[in-house]
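# Topology and contacts: notes
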There are 2 protein chains.
Amino acid sequence: MKIAIAQLNYHIGNFELNTYKIIDCISKSKAAGADLVVFSELSVTGYYPHDLLERKEFVEQSYKAIGQIADCCTGIAAIVGGPSINPEPRGKKLFNSAFFMYDGKIQQTVNKSLLPTYDIFDEYRHFEPNKQFSVFDFCGKKLAITICEDLWDEQETQNEFGREKLYQLSPLKELSVLNPELVINLSASPFSYNQENSRKNILIKNAIKYQLPILYVNQVGAQTELVFDGGSFFLDKNGIIQEELNYFEEDFRIIDTEIPSGNLQPKTETIEKIHHALVLGIRDYFTKMGFKKATLGLSGGIDSALVLVLAVEALGKENVRVLLMPSRFSSDHSVNDALQLAENLGIQYETIPIQPMVDSFEQSLSEVFAGLSSDVAEENIQARTRGILLMAISNKFGNILLNTTNKSECAVGYGTLYGDMNGGLSVLGDVYKTDVFKMARWINRDQEIIPENSILKPPSAELRPDQKDTDSLPDYDMLDQILFDYIELNLSPEEIIARGFDEATVLRTVRMVNNNEYKRFQAPPIIRVSSKAFGFGRRIPLVAIYS
Amino acid sequence: MKIAIAQLNYHIGNFELNTYKIIDCISKSKAAGADLVVFSELSVTGYYPHDLLERKEFVEQSYKAIGQIADCCTGIAAIVGGPSINPEPRGKKLFNSAFFMYDGKIQQTVNKSLLPTYDIFDEYRHFEPNKQFSVFDFCGKKLAITICEDLWDEQETQNEFGREKLYQLSPLKELSVLNPELVINLSASPFSYNQENSRKNILIKNAIKYQLPILYVNQVGAQTELVFDGGSFFLDKNGIIQEELNYFEEDFRIIDTEIPSGNLQPKTETIEKIHHALVLGIRDYFTKMGFKKATLGLSGGIDSALVLVLAVEALGKENVRVLLMPSRFSSDHSVNDALQLAENLGIQYETIPIQPMVDSFEQSLSEVFAGLSSDVAEENIQARTRGILLMAISNKFGNILLNTTNKSECAVGYGTLYGDMNGGLSVLGDVYKTDVFKMARWINRDQEIIPENSILKPPSAELRPDQKDTDSLPDYDMLDQILFDYIELNLSPEEIIARGFDEATVLRTVRMVNNNEYKRFQAPPIIRVSSKAFGFGRRIPLVAIYS
């Protein structure tokens, strides 16, 4: 059987665009002689529509789109993902479904059984789980359709709940007794650099266990915080990958289920993948929001330098303009490094010293602050003055402000709310400082784009004389390991100390993370590249005592 | 049987405090001759701990607390809520449980069956649902324990999913065949002014249907966005309320299940209840976060006036200080109204005109903005300058900034991000402007506290000469009705138009709501008083096309 794999970038709720892309791919598949074309999970709506699924008109539009797509399935079959209405009187209103279309009609509707409801997933909120299983014949083959998590009933290793088996049910076990010959899996699996192998391993394990070939079709493209990386693949019944599609871009491929091909993607370094994820994250945020231009504050430090490079890659240098906003605490080299980078990249920049505005604030507050010594209040005035200037550029010229805070800072609250925490999108909020350095080195692999001095000098917020990040934070190498253990691995402080870290440093770090929930509550959306990013996938109560 | 009802205010994760309160209530109940004392859902942890439930040390601490409480149950029984570990190898790690303790030991553990996963509820994320039902004997009576949503299998009216039966299972139906004589329900039901009757009606319906008395014990107190209003009650088997506890405060009451008492709470106006919810919301946010003092900007308008009155009630006038920050567009009456209010309340205020800072920004930006006319960029500089000044006060003196944006503004994006949208807590973010007026009138019911002029004058942001809210927004009476239909009732634009509203106005309003998701993404936590507040209970994707 010849199957076309349609790995597309959908726009949530943009039924016109999604339907157009799907129908276009059906035509292309038919022209190329495919018997069947497979799209990813919830392809017609884009993954994940959240509470838009509660709007009647949203579900109606989805049905209308599904009908239009089915009309086009003549001489070819298609499997398309979308919500379907639960006909039963009890239970949630919708299923997360795959529609098998042929002869201009929906022939089969298969509903998802395992609804992930951890980390960034929220599917049980909107969908009723399926409990009935069936296979069907097409082109002389018995097909079993599954949807994403349906194949994840056994996790590769213990998940964060400390359990290998998160679900009561095993859909593939149920299906296997019906003797399918091919398993098709419609997916929407977001990228995370520290789980990149487990997705393949889960599916390989299933293929071998049930001796069944599996076709896995993933979504590609970014949806606010989530980056879907594509990399759809076809596994033979021995769990060997026979076809693998591109990562971080749309792709289309036709496979013959009977003829091994062995078309694999080249291996890529982790830091390079994170880079691609961030560029796609920025580009899709802008494209899908209807924005074109970005701005950011360039300090001469490594974080803003890296964000600028990524923004220029994503949007083009003509669409990015930066502000240099030196204060009396800015070192000469900072200003020079910033200027050098702006010139290396050939982008528009302006310099606005912040001292006049800072003076004006301090002057106006002098009576209220009389007799009190300078502290974080004055430091924050500097950061917030920069925030106002950047938002003024944004409001005047329509350039969306990119936030440059990295994950280490975001974790310990090393940033000023309504100051350097401003922005429409946080580019590095899920990238630890040590990875920021790695990525800067990777960007400079062939030539010096980011000034070497920005990489080499000790990190500093430059809000007071001779300030260094290490004045108030542990060394980033150690800090990032402790943070990773606490945030990604969900280890307790005791467990982290038992791994050989200094007790006082661990407790102080954990305290900083917990004491800054209130800042992260108001942070911009963060492009997620890890298995546990700040944002929607990490729900910690704000008003609480943390153990 | 004599049962003590313990309606307490818990602090999430504060096991020391929660355990102390629970044990104290057990002693008190024993001293008063009660056979049993009943606490609310997840009482030992506080409702709702969210992803703290994924931390091993959190669950361990909870078990330890439960053990300490069980030790104290000699000569009296207690029912306490807390998480329990699922002993089965499949499924989520935890149950949401009620522990029945007696003779110094846990005698029964009953698990929750129906796990709400809509609006602000997220229980399926952390808990495995129970599917086994049993009753047990105590004091010669067969008791059935249920937890909150367990009695909500049939909704009073169609819920937002358009369904009366959200669940497959009916726990009370299962239990009823075991012939219980009393149903106990441990709850954590948050207040919402437009659902205030449905909670009672659901339970009354159940009591009558199964001819069973029901004891309903609710949590009280605010947890960030949610306000739990208490109002625990005891229903006889005919569905008649025989005992009703206080609203919006801790309460403790002993009932005799055999002797009708008819102790009901007096009827209260809706606007008064919202008022009490907001005061409790502010007070608990401060108390539980360890804060004492608040600040806010007083404009002379109705919103900041109302927030100030509420803050003074919640925290005491000695703990609130305000800033008046007039600009060249501020009218004399605004400044006078603000001064009058500050003096009526006897609170500390300072006046800092913003013009010097605004001038400084405009001067510094003059080259970049050369040749361009004044627009929203300049308006926002004013709002953001005020935001910086308030945060400077907050940082210098430790006064937490209260946000004064109302729900109508929040809905249509009539506010400046990093300006007047700043704050640690949004007090009015779930109160429509028309209700702001109602509450101001209610506050002035005996004497003029809020200057009459603040209530009477047409609302204005005063960011340009002679600006009025109605220049860019529909009249608030109409606006709020459209917003309520769209947000609370989840009606489609077509349905709202069919109710008799002008088509262009409806479409413009809906567009404004949808175009401002990005602002609300970064808004402070909002005290929730309605059935659909902006925040955790309303999850709309940021990057999307809205139908």
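No experiment lies behind these values; they were computed from the predicted model shown.

### Section: the overall build of chain A
- The helix and strand tally for chain A stands at 17 helices and 19 strands.
- Compactness check: chain A gives a C-alpha radius of gyration of 25 Å against a globular reference of 24 Å for 547 residues, within 12% of the reference.
- Taken over the C-alpha atoms alone, chain A extends approximately 85 × 50 × 50 Å along its principal axes.
- Within chain A, the proportion of its 547 residues that are buried is 56%.
- Expressed as a percentage of contacts within chain A between residues at least 6 apart in sequence, the contacts between residues at least 24 apart total 71%.

### Considering helix α1 (residues 15-31) of chain B
All names here are of chain B.
- For α1, built from 17 residues, the straight-helix expectation of 24 Å at 1.5 Å per residue is met to within 8% by its first-to-last C-alpha distance of 24 Å.
- When α1 is considered as a whole, its buried residues turn out to be Phe15, Asn18, Thr19, Ile22, Cys25, Ile26 and Ser29. Summarising the axial view, the buried residues of α1 lie within an arc of 130°, below the 170-degree limit, and thus occupy one face. In α1, the exposed positions angled more than 90 degrees off the buried face are occupied by Glu16, Ser27 and Ala31.
- The inward-facing, buried residues of α1 contact β1 (2-7), β2 (36-38), α2 (56-71), β3 (77-85) and β14 (251-256).
- Downstream of α1 by a residue or two, Gly33 has a phi angle that is positive, lying close to 85°.

### Focus on the interface of chain A and chain B
- At the interface, 80 residues of chain A touch 80 residues of chain B.
- Counting residues per element, the side of chain A that touches chain B draws most heavily on helix α9 (residues 376-397) of chain A, which supplies eleven residues.
- Counted by class, the side of chain A that touches chain B contains 38 nonpolar, 23 polar and 19 charged residues.

### Here's the deal with the sheet that holds strand β17 (residues 348-351) of chain B
All names here are of chain B.
- Taken in spatial order, the five strands of this open sheet run β17-β16-β15-β18-β19, and their pairing is parallel. Whereas interior strands pair on both sides, the edge strands pair on one side only; in this sheet they are β17 and β19 (425-426).
- As defined by bridge partners, strand β15 (residues 294-297) adjoins strand β18 (residues 400-403) across two bridges and the pair is classed as parallel. Across the sheet, Ala294 pairs through a bridge with Ile400, a residue of β18.

### What to know about the relation of the copies chain A and chain B
- The operation relating chain A to chain B is a screw motion whose rotation component is 180°, with 0.0 Å of axial translation and a residual RMSD of 0.0 Å. What we have between these two chains is a two-fold relation. Taking C-alpha positions as the reference, the residue of chain A nearest the rotation axis is Gln522(A), at 2.2 Å.
- Here 100% of the interface residues in chain A have copies in chain B that are interface residues too; the copies meet face to matching face.

### Considerations on the environment of Asp430(A)
Residue and element names in this part refer to chain A.
- For Asp430, the position within the fold is in the loop between β19 (425-426) and α11 (433-443).
- Sequence separation between Asp430 and Glu378 is 52 residues; the distance between their C-alpha atoms is 28 Å.
- With sequence-adjacent residues up to four places away left out, Asp430 is seen in contact with Lys407, Ile526, Ile527, Arg528, Val529, Ser530 and Ala533.

### Remarks on the packing of α9(A) against helix α9 (residues 376-397) of chain B
- As a packed pair, α9(A) and α9(B) sit with axes 10 Å apart at the nearest point and diverge in direction by 165°. With respect to α9(B), the element α9(A) is oriented roughly antiparallel. Regarding α9(A) and α9(B), the two cross each other, and that crossing is right-handed. The segment α9(A) lies against α9(B), with Val376(A), Ala377(A), Asn380(A), Ile381(A), Arg384(A), Ile388(A), Met391(A), Ala392(A), Asn395(A) and Lys396(A) engaging Val376(B), Ala377(B), Asn380(B), Ile381(B), Arg384(B), Ile388(B), Met391(B), Ala392(B), Asn395(B) and Lys396(B).
- Of the residues that constitute the contact of α9(A) with α9(B), the class distribution is twelve nonpolar, four polar and four charged.

### A short note on the confidence of the model for chain A
- Confidence along chain A averages 95 in pLDDT terms, with 98% of residues attaining 70 or more.
- In the predicted complex, the global pTM is 0.97; the interface-specific ipTM is 0.95.

### Re the pairing of strand β17 (residues 348-351) of chain A
Residues and elements named next belong to chain A.
- Of the pairings in the sheet, the one linking strand β16 (residues 320-324) to β17 comprises four bridges and is parallel in character. Looking at the pairing, Leu324 lines up with Thr351 of β17.
- Handedness of the β16-helix α7 (residues 332-345)-β17 crossover: right-handed.

### Some details on unusual backbone geometry
All names here are of chain A.
- Across the junction of Tyr47 and Tyr48, the peptide omega takes the value 15°, indicating a cis bond.
- With respect to the element layout, Tyr48 can be found in the loop between β2 (36-38) and α2 (56-71).
- Although it is not a glycine, Cys139 sits at a positive phi angle of roughly 50°.
- Along the polypeptide, Cys139 turns up in the loop between β6 (136-138) and β7 (141-147).
- Judged by local crowding, Cys139 falls into the partly exposed class, with 13 C-beta atoms found within 10 Å.

### Some thoughts on the sheet that holds strand β9 (residues 214-217) of chain A
All names here are of chain A.
- The sheet built from six strands is open, its strands ordered β6-β7-β8-β9-β12-β13 with mixed pairing. Two strands lie at the open edges of the sheet, namely β6 and β13 (241-244), each paired on one side alone. Strand-to-strand twist in this sheet, taken as the mean axis angle between neighbours without regard to direction, amounts to 25°.
- Those strands touched by helix α4 (residues 196-210) are β9 and β12 (233-235), and its axis lies near 160° from that of β9.

### Things to note about the environment of Met325(B)
All names here are of chain B.
- In this structure, Met325 sits in the loop between β16 (320-324) and α7 (332-345).
- Judged by local crowding, Met325 falls into the buried class, with 26 C-beta atoms found within 10 Å.
- Put simply, Met325 and Pro353 are 28 residues apart on the chain and 4.9 Å apart in space, counted from C-alpha to C-alpha.
- The residues contacting Met325, other than those within four sequence positions of it, are Gly297, Ile352, Ile354, Arg386 and Leu389.

### Looking at the domain arrangement of chain A
Residues and elements named next belong to chain A.
- Taken domain by domain, chain A holds domain 1 (2-267) and domain 2 (273-468).
- Taking only C-alpha atoms, the centre of domain 1 and the centre of domain 2 are 40 Å apart.
- Facing the ten residues of domain 1 at the interface are nine residues of domain 2.
- Mapped by element, the contributors of at least two residues to the side of domain 1 that touches domain 2 are β10 (220-223) and β11 (226-229).
- Taken together, the residues of the side of domain 1 that touches domain 2 break down into six nonpolar, three polar and one charged.

### A look at α2(A)
All names here are of chain A.
- The terminal C-alpha atoms of α2 lie 23 Å apart, and with 16 residues this matches the ideal 22 Å at 1.5 Å per residue to within 8%.
- When we look at burial in α2, the residues that qualify are Phe58, Val59, Gln61, Ser62, Ala65, Ile66, Ile69 and Ala70.
- Residues of α2 that are buried make contact with α1 (15-31), β3 (77-85), β4 (94-102) and β5 (105-111).

### Points about the environment of Leu390(A)
All names here are of chain A.
- Inspection of the secondary structure assignment puts Leu390 in helix α9.
- Residue Leu390 is classed as buried on the basis of its C-beta count, with 26 C-beta atoms lying within 10 Å.
- A C-alpha to C-alpha distance of 9.6 Å links Leu390 and Gly419, two positions 29 residues apart in sequence.

About the thresholds
- Residues numbered from 1 in each chain as written.
- Chains lettered and ligands numbered in written order.
- Predicted model: local features only at pLDDT ≥ 70, side-chain atom pairs only at ≥ 80, totals over all residues.
- Helix = DSSP H or I, 4+ residues; strand = E, 2+ residues; numbered from the N terminus.
- Rg over C-alpha atoms; globule rule 2.2 N^0.38 Å.
- Buried ≥ 20, exposed ≤ 12 C-beta atoms within 10 Å, placed from the backbone.
- Contact = placed C-beta atoms within 7 Å.
- Expected span 1.5 Å × (residues − 1).
- Arc of directions from axis to C-beta.
- Nonpolar A, V, L, I, M, F, W, Y, C, P; charged D, E, K, R; others polar.
- Pairing = 2+ DSSP bridges.
- Least-squares fit on C-alpha atoms with pLDDT ≥ 70 in both.
- Axes fitted to C-alpha atoms, helices over the stretch in contact; angles between N-to-C directions.
- Parallel < 35°, antiparallel > 145°, perpendicular 65-115°, else oblique.
- Left-handed = near helix turned anticlockwise from the far one by under 90°.
- pLDDT = per-residue confidence, 0-100.
- Right-handed = clockwise from strand over helix to strand, strands pointing away.
- Domains from an automatic or database assignment.

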